[in-house]
Amino acid sequence: MSTPTRFTLTQADIPTHWYNVLSDVPEPLPPPLHPGTKQPITLQDMTAIFPENLVAQEMTTERWVEIPEPVREIYAMWRPTPLLRAVRLEKALQTPAHIYFKYEGDNPAGSHKPNTAVPQAYYNKEAGTKRIATETGAGQWGSALSMACKLFGLECCVYMVKVSYHQKPYRRLLMHTWGATVHGSPSGYTDYGRKVLKEDPECPGSLGMAISEAIEDTVKHPGTKYSLGSVLNHVCMHQTVIGQEAIKQMANAGEEPDVVIGCVGGGSNFSGISFPFVRGKLVEKKKTRIVAVEPSVCATLTKGELRYDFGDTAMTTPLLWMYTLGHDFIPPQIHAGGLRYHGMAPTVSHLRKLGLIDAVAYEQSKVFEAAVLFAQNEGIVPAPESAHAIRAAIDEAIAAREEGKKRVILFNLSGHGLLDLPSYEAFFSGKLHDG
Ligand SMILES: *Cc1c(COP(=O)(O)O)cnc(C)c1O
């Protein structure tokens, strides 16, 4: 075999710690504020909906946070994930670029989300939580958390954005299989959901609304805590196992990426692949370019404003310092449901403000063209969300061809698209619009 294309690690290489990028940035991140008092929120404020151990992690200034052994044992069911070199795609593009991708789709839930669902279920179990309420967009988060809750013996209740509840029945069925209860949001199960339905019975829902419902459910049910699959500091930190493994694997491949790419919805898989490389920039003064890719119809980093805003539509969450399109923004119904969020992780927003990361936005037709080209050369059918990163990686490879220079590209393939095939059908039949 001429060119090695698959770089694997052993179970012993599963990271022992998560990396907290906030410990290395030159300016502190402005803290979340209490929505009533506008003062920085306290541990007590947060423990109404989160267990104390996770709140402590959300606020920690520690650089390396130890991963509990029971979490590493479950990670070992699919980690370390492979790093692959897309040599056939390189050839198809006739590019001198080397394209590498970290593949996070090869686990039972099919995306990177179990990397945080597992520790969140673990810490809740440790804290005595009996039931977890959450929201989900396209269903990847809900399914990952359903699986993790079942593995730790917790009940799971998921408010799923209604348009996806109908468009993506297979993820709903996955959640059922893993024993969760699933409601289409806006639902008739909360005061907030009933209020929205009264005003607009056909409301397709949004992540912001589903978050409001899940939070209301949490505060009304004793023994229940709330869990979020993206955006928050601890969630982004849990995902850093991705980038830590990728650094080792790139070294085994004998290369260093010039550019690191991830798609962004709330920012967690992007954080996962990129924060360990951001450390390389901050500490070792490396020149790596780091690019976040978003959909043009929900372009939080490229078109949003950096300010304090609510994480949900009903204005119940703390105010987060982030790039936002406004908490009442309802994104068009694009097929990358996991990227339809009005805000962006405060950590990712902060790095953007400090000039440590770049951002680009693409229309979904361009994204699906890239997804199909990738599938036809590399086999894997990517999730529509992940295909945003693929689009950007392909454009980097084309730019390298035009320059006639080698460029080492690394992107995160956040999940497979085997449960998103109806979206591919819409693309093939010309029914996919750019909104
Ligand atoms: C949820 C999801 C995303 C978007 O969420 P982030 O927190 O921005 O990572 C991207 N890709 C896949 C496959 C997802 O499931």
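Residues numbered from 1 in each chain as written. Predicted model: local features only at pLDDT ≥ 70, side-chain atom pairs only at ≥ 80, totals over all residues. Heavy atoms only, no water.

Details of the packing of aromatic side chains
Working step 1: Inspection of every chain in the model, using the stated rule, returns 13 aromatic pairs.
Working step 2: Ring centres of Tyr424 and Phe428 lie 6.4 Å apart, and the angle between their planes is 45°; this geometry places the pair in the tilted category. Remark: Phe428 and Tyr424 occur in helix α18 (residues 421–428); sequence separation between them is four residues, near one turn of the helix.
Working step 3: Ring plane angle 50° and centroid distance 5.8 Å describe the contact between Phe427 and Phe428, whose orientation is recorded as tilted.
Working step 4: Between Arg172 and the ring centre of Tyr165, over which it is positioned, the NZ or CZ distance is 4.5 Å. (Phe/Tyr/Trp six-rings, centres within 6.5 Å; stacked < 30°, edge-to-face > 60°. Helix = DSSP H or I, 4+ residues; strand = E, 2+ residues; numbered from the N terminus. Lys NZ or Arg CZ within 6 Å of the ring centre and 35° of its normal.)

Some details on the sheet that holds strand β8 (residues 181–185)
Working step 1: Spatially, the four strands line up as an open sheet ordered β8-β7-β6-β9, and their pairing is parallel. Each edge of the sheet is formed by a strand with only one pairing partner; in this case those strands are β8 and β9 (224–226). For this sheet, the mean inter-axis angle between neighbouring strands, taken without regard to orientation, is 25°.
Working step 2: In this structure, strand β6 (residues 131–136) lies alongside β9, joined through three bridges in parallel fashion. Each residue of the ladder has a partner; that of Arg131, found in β9, is Thr224.
Working step 3: Contacts from helix α10 (residues 207–220) reach β6, β7 (155–161), β8 and β9 within the one sheet, and its direction differs from that of β6 by about 165°. (Pairing = 2+ DSSP bridges. Axes fitted to C-alpha atoms, helices over the stretch in contact; angles between N-to-C directions. Contact = heavy atoms within 4.5 Å.)

Here we look at the side chain of His335
Working step 1: Along the polypeptide, His335 turns up in the loop between β13 (319–324) and α15 (346–353).
Working step 2: In contact with His335, other than residues within four places in its own chain, are Lys168, Gln364, Phe368, Pro384, Ser423, Ala426 and Leu432.

A look at the domain arrangement of the protein
Working step 1: You can read the domains of the protein as domain 1 (6–14 + 78–110 + 240–428) and domain 2 (17–66 + 112–233).
Working step 2: Taking the mean C-alpha position of each, domain 1 and domain 2 sit 22 Å from one another.
Working step 3: In this assembly, 52 residues from domain 1 lie in contact with 51 residues from domain 2.
Working step 4: Across the domain 1/domain 2 interface, buried area totals approximately 4,400 Å², and carbon plus sulfur atoms make up 65% of it. (Domains from an automatic or database assignment. Buried area = accessible area lost by both parts, 1.4 Å probe.)

What to know about α15
Working step 1: Burial of α15 is extensive: six of the eight residues sit out of reach of the surface.
Working step 2: All buried positions along α15 are accounted for by Pro346, Thr347, Val348, Ser349, His350 and Leu351.
Working step 3: Contact partners of the buried residues in α15: α11 (233–238), α13 (268–283), α14 (300–303), β12 (305–310) and β13.
Working step 4: Immediately beyond the C-terminal end of α15, within one or two residues, lies Gly355, with a positive phi of roughly 75°. (Buried < 20%, exposed > 50% of the residue type's maximum accessible area, 1.4 Å probe, protein only.)

Remarks on the site of the ligand
Working step 1: If you check the shell around the ligand, you find 19 residues, and the closest are Lys113, Ser230, Gly265, Ser268 and Ser414.
Working step 2: One nitrogen or oxygen atom from the side chain of His112 is found 3.1 Å from an oxygen atom belonging to the ligand.
Working step 3: Within the contact set of the ligand, an oxygen atom lies 2.7 Å away from a backbone nitrogen or oxygen of Gly265.
Working step 4: About the coverage of the ligand: the protein hides 98% of its 380 Å² of free accessible area.
Working step 5: Those elements that provide at least two residues to the shell around the ligand are α13 and α17 (384–403).
Working step 6: Along the lines of polarity and charge, the residues of the shell around the ligand split into four nonpolar, 13 polar and two charged.
Working step 7: Each of two domains, domain 1 (6–14 + 78–110 + 240–428) and domain 2 (17–66 + 112–233), supplies a minimum of three residues to the shell around the ligand. (Near = heavy atom within 4 Å. Polar contact = N/O pair within 3.5 Å; in protein donor to acceptor, adjacent residues only side chain to side chain. Areas by Shrake-Rupley, 256 points an atom, 1.4 Å probe, with all protein chains shown as cover. Nonpolar A, V, L, I, M, F, W, Y, C, P; charged D, E, K, R; others polar.)

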